[in-house]
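# Examining the three-dimensional arrangement
Take a look at the letters that make up each chain.
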Amino acid sequence: MEIAIAPEMRCYSGGLGVLAGDYLRAAADLALPMVFVTLANREGYVLQEIDAQGNQIDRPHPWEPGDHAVPLDTVVTVPVAGRDVAVRAWMHVSEGVTGARVATLLLDTDLPQNSAEDRALTGRLYGGDARYRLRQEAVLGIGAARLLSAIGLAIGHWHLNEGHAALLPLELVRAGSDIDTVRRACVFTTHTPVAAGRDRFAFGLMEAELPRDYRAAYDRVLPDAEDLDMTLLAMRLSGYANAVSKRHRDVASDLYPGEDIAYVTNGVHPGYWAAPAMQALFDAQASGWREDSDALAAIAMTDPARVAQAHEAARANLIESVRTRTGRQLDPQRPILCYARRMTGYKRPTLMFEDLDRLRTIARRHPFTLLIAGKAHPNDGGGKDAIRAIHDFARQCDDMPSVVFLPGYGLELAHLLVGGADVWLNLPVPPLEASGTSGMKAAINGGLNLSTPDGWWLEGVREGANGWTIGDGDTDPDRHGALLLDMLAKTVLPAWYEDREGWNGMMRDAIATIGPAFSAQRAMREYARDAYRFDGLRG
Ligand SMILES: *Cc1c(COP(=O)(O)O)cnc(C)c1O
């Protein structure tokens, strides 16, 4: 549904798309014979502005695919509400580290032969109502199957990245493939245990929007279903299904009893996310890391002072950017803690502020800076309330700690933050964060994670050696707020102020332990081997 290729190509919203972009970059590095397919999302996701009261103002954030991709001649149609909607694709080509090229096709209905309503179908990412979403997913799933077939690409495996693409295998069944053949060809990745992230549509809507033979095909796959359940559909029509961390595999297996679910823990692309000075250090100390991220393990031998020096450059860049963006001059002596993620309830963006008096007392003893960024989905009232509350808390803190909200979280701001953060905060209610990836990006830049026990962190943490965990698996989530402040007061801030050499050693070890294990290349190798059963992997 989304992919983050470059900041100016606004066909992405957040974690799901950024991950897809990192997998695209890794697929190109590994010269995997893949093609990525998404929607053009011409209106983008949300251009976030914050008014004087701390309210998020949502605006569309349009972009022009023609500025970044070339149009293909092939046009196919997708049935929507009794009409045939014409779909074409824009092709963008990414180049890997050894020059291999991988294409992304951006599906687009903005064609003169379509009605105004249909031209807008590949407009707003995650916008509109259930009807609009189902139509978008018809363009994505049915459109991808028909377009790749019309182009004449022989597809060995279809990888459905989240349930949004589940109409693709249904289209294959409807067109006459038997269910076992489709299952052998399809791979499905589920990305969240949160219900809002999993599409379900009423049968009435399905019947109004899609021809009768789709419902008939669906009934053959899921005879007892109560609605069009995109996750279950994708899972039933995929011979290989995976979750995105070990913990998430257990959670997903409980959610879908009887399904066989593997896991491929997410990873990020180090060459894309490491700040320039850090890349220069890797070039000097971990040669070959761009071709093979496993080489980053060699950073374990680097002098921690050199890591600190490289990190300092990214940190100075972040401080300067905060100044130009907001007019706020941060004190460079204070550690920079960052909280940047989609603003939504289970990620607990206001957990830090549960006991404001204590927070201020801690900051007076050990001053620190807290940078916060993140967009709320336009319909997520709770997320918008959190943004407003953060602005109120920031005023009440009166610089102890310094709290700055940076609007417009996207690829660009993410690069600045993960590059310069000293501590990366991750505060979800376990087990709702299937994996998370931003903490991996911070870690390859020497940032230390401070996280509740969830998602990838359970696999990545070496407690006190590359970051810290707030409580353990048995801790009542209601206690996380108090424990977070305990950790800051007793462990994290004293480590910064009283043992900088130890801190620098942790930065180095965060890179050496997390860089190789949580890289997108490692993840793509696992997908190639276990899911696509591709035997042409180099190395
Ligand atoms: C990495 C990234 C995300 C996902 O981060 P999480 O840790 O999964 O919350 C979201 N948005 C942007 C812009 C990112 O770079």
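Predicted model only: the values in this text are computed from it and were never measured.

## Quick notes on the sheet that holds strand β7 (residues 158-161)
The four strands are arranged β7-β8-β11-β12 in an open sheet whose pairing can be described as parallel. Each edge of the open sheet is held by one strand with a lone partner, namely β7 and β12 (261-263). Strand after strand, the sheet turns through a mean of 30° between neighbouring axes, direction not considered. With three bridges connecting them, strand β11 (residues 240-243) and β12 associate as parallel partners. The partner of A243 across the bridge, within β12, is Y263.

## Comments concerning the environment of R341
One can find R341 in the loop between β13 (336-340) and α13 (356-365). On the basis of relative accessibility, which here comes to 5%, the residue R341 falls in the buried class. Considering only alpha carbons, one finds R341 and L416, 75 residues apart in sequence, at a separation of 14 Å. Not counting residues within four places of it along the chain, the set of residues in contact with R341 comprises K347, A373, G374, K375, Y409, W424, L425, N426, E433 and S438. Within the structure, the side chain of R341 is placed 2.9 Å from the side chain of N426, a separation counted as a polar contact.

## Considering helix α19 (residues 500-517)
Here α19 is 18 residues long and its end C-alpha atoms lie 26 Å apart, about the 26 Å a rise of 1.5 Å per residue gives. Within α19, the full set of buried residues consists of W503, N504, G505, M506, M507, R508, A510, I511, A512, I514, G515 and P516.

## Quick word on the site of the ligand
The full set close to the ligand counts 13 residues, and R341, K347, T437, S438 and K441 are the nearest of them. The contact in question runs from an oxygen atom of the ligand to an N or O atom on the side chain of K347, over 3.3 Å. At 3.1 Å from an oxygen atom of the ligand is found a main-chain nitrogen or oxygen belonging to T437. Across the complex, the protein chains shield 94% of the 390 Å² of accessible surface that the ligand would expose by itself. Within the residue set of the shell around the ligand, elements represented by two or more residues are α1 (15-29) and α16 (438-444). Per-class residue counts for the shell around the ligand are four nonpolar, six polar and three charged.

## Quick notes on the domain arrangement of the protein chain
Annotation of the protein chain at the domain level lists domain 1 (15-267 + 523-531) and domain 2 (270-518). Placing a centre on the C-alpha atoms of domain 1 and another on those of domain 2 gives a separation of 31 Å. If you look at the interface, domain 1 gives 33 residues, while domain 2 gives 37 residues. Where domain 1 abuts domain 2, roughly 2,700 Å² becomes buried across the two surfaces, and 56% of that area is made up of carbon and sulfur atoms. Interface area lost by domain 1 to domain 2 is led by Q48, Q56 and R247, which between them contribute 20%. Summed over the shared surface of domain 1 and domain 2, the result is two salt bridges. Residues D58 and K384 are paired through a salt bridge, measuring 2.6 Å at the closest nitrogen-oxygen approach. At the boundary of domain 1 with domain 2, the tally comes to 13 residue pairs in polar contact (both at pLDDT 80 or more). Of all the secondary structure elements, the ones that give two or more residues to the side of domain 1 that touches domain 2 are α1, β2 (47-50), β3 (56-59) and α9 (246-255). Sort the elements by how many residues they give to the side of domain 1 that touches domain 2 and α1 lands first, with five residues. Taken together, the residues of the side of domain 1 that touches domain 2 break down into 13 nonpolar, 13 polar and seven charged.

The rules behind the values
- Within every chain, residues take consecutive numbers counted from 1 along the sequence as written.
- Owing to the predicted nature of the model, reporting of local features is limited to residues with pLDDT of at least 70; listing and counting of side-chain atom pairs is limited to 80 or more, with chain, interface and lining totals taken over all residues.
- In computing side-chain properties, one takes all heavy atoms of the structure into account and sets aside hydrogens as well as water.
- At least two bridges found by DSSP between two strands is the condition for calling them paired.
- Strands are runs of DSSP state E lasting at least 2 residues, helices are runs of H or I lasting at least 4, and numbering of each runs from the N terminus.
- Every angle, taken between N-to-C directions, lies between 0 and 180 degrees, and every axis is a line fitted to C-alpha atoms, over only the stretch in contact when it is a helix.
- Relative accessibility decides the category of a residue: with a 1.4 Å probe and only protein chains considered, values under 20% of the type maximum give buried, values over 50% give exposed, and everything between is partly exposed.
- Here a residue-residue contact requires only that any non-hydrogen atoms of the pair lie within 4.5 Å.
- Counted as a polar contact is a pair of N or O atoms within 3.5 Å, where, for protein atoms, one must be capable of donating a hydrogen and the other of accepting one, and residues adjacent in sequence contribute only when both atoms are in side chains.
- Expected helix span is computed as 1.5 Å times (number of residues minus one).
- Being near a molecule or strand, for a residue, comes down to having at least one heavy atom within 4 Å of it.
- Computed by Shrake-Rupley with a 1.4 Å probe, the accessible areas treat only the displayed protein chains as cover when residues are assessed.
- Amino acid classes used here: Ala, Val, Leu, Ile, Met, Phe, Trp, Tyr, Cys and Pro are nonpolar; Asp, Glu, Lys and Arg are charged; the rest, including Gly, are polar.
- Boundaries between domains were set according to an automatic or database domain assignment.
- Buried area: the accessible area, evaluated with a 1.4 Å probe, that two parts lose upon being put together, summed over both parts.
- By salt bridge we mean one thing: a side-chain nitrogen of Lys or Arg within 4 Å of a carboxyl oxygen of Asp or Glu.

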